[in-house]
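The lines below spell out each chain.
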Amino acid sequence: MLHLTPLHESLPESFIVPADQLLPATSAVVSLPVIDMSHSRDEVRRAILDAGKELGFFQVVNYGVPEQVIRDMEAACEEFFKLPAADKAVFCSEDRERAVRLFSGTTYDTGGEMYWRDCLRLNCTYPIGDSTKD
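Let me begin by describing the structure that accompanies this report.

About the cut-offs
Residues numbered from 1 in each chain as written. Predicted model: local features only at pLDDT ≥ 70, side-chain atom pairs only at ≥ 80, totals over all residues. Heavy atoms only, no water. Phe/Tyr/Trp six-rings, centres within 6.5 Å; stacked < 30°, edge-to-face > 60°. Buried < 20%, exposed > 50% of the residue type's maximum accessible area, 1.4 Å probe, protein only. Helix = DSSP H or I, 4+ residues; strand = E, 2+ residues; numbered from the N terminus. Lys, Arg positive; Asp, Glu negative; His and termini not counted. Salt bridge = Lys/Arg side-chain N within 4 Å of Asp/Glu carboxyl O. Polar contact = N/O pair within 3.5 Å; in protein donor to acceptor, adjacent residues only side chain to side chain. Contact = heavy atoms within 4.5 Å. Expected span 1.5 Å × (residues − 1). Pairing = 2+ DSSP bridges.

1. With respect to the packing of aromatic side chains
On inspection of all chains with the given rule, the structure shows two aromatic pairs. Consider the rings of Phe-80 and Phe-81, whose centres lie 5.3 Å apart with planes at 85°: the pair is edge-to-face. Using a relative accessible area of 30% as the deciding quantity, one classes Phe-81 as partly exposed. Taken together, a centroid distance of 5.7 Å and an interplanar angle of 70° make the contact between Phe-80 and Phe-91 edge-to-face. You can see Phe-80 sitting in helix α2 (residues 67-81) and its partner Phe-91 sitting in the loop between α3 (85-88) and β3 (100-104), a full eleven residues away along the chain. According to the relative accessible area criterion, Phe-80 is buried, its value standing at 12%.

Printed below as a string of structure tokens:
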């Protein structure tokens, strides 16, 4: 949608995973490791390392961002991604130095199939407002 290559009438082949390569659906419950940021720096570092080695994913708790801030950000992102492509196009950029940019993950190759994702990068300095970039 947002990438710089011509628009396609149908999904490009590189984004279609062959049926025989799809993983079977499962109802297995996976318990994610929980990283508690209120613990000591060394405990957090060790927990992240262990979780990364064991499963590759983890849940972070007690990181200090209020729930309302998270809900507000989710709502703002949902609203943004529902905008027409033309309205979002002004934020499109492949310039990794831009503080705010929209880009497509069409260049992320996994060794065969590619996974399409549109990403909105919002990079802020602290305190917010000190940035001299776009």
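Now that the structure has been shown, we can carry on.
2. A few points about the side chain of Asp-36
Here Asp-36 shows up in strand β1 (residues 34-36). No salt bridge forms around the buried Asp-36; measuring N to O, its nearest opposite-charge neighbour Arg-41 is 14 Å away. One polar contact links Asp-36 to Ser-38, side chain to side chain, over a distance of 2.6 Å. Side-chain polar atoms of Asp-36 contact the side chain of Asn-62, separated by 2.8 Å. When near neighbours in sequence (up to four residues on either side) are disregarded, Asp-36 contacts Val-44, Val-61 and Asn-62.

3. Brief notes about helix α1 (residues 41-54)
Spacing of three or four residues puts side chains on the same side of an α-helix, whose turn is 3.6 residues. In a regular helix each residue adds 1.5 Å, so 14 residues correspond to 20 Å; α1 covers 20 Å between its end C-alpha atoms and thus fits that length. Gly-56 sits one or two residues past α1 and shows a positive phi near 95°.

4. Concerning the pairing of β3
In terms of burial, β3 is a largely internal element, four of the five residues being buried. Here five bridges tie β3 to strand β4 (residues 118-122), and the two strands are oriented antiparallel to one another. Across the sheet, Arg-101 pairs through a bridge with Arg-121, a residue of β4.

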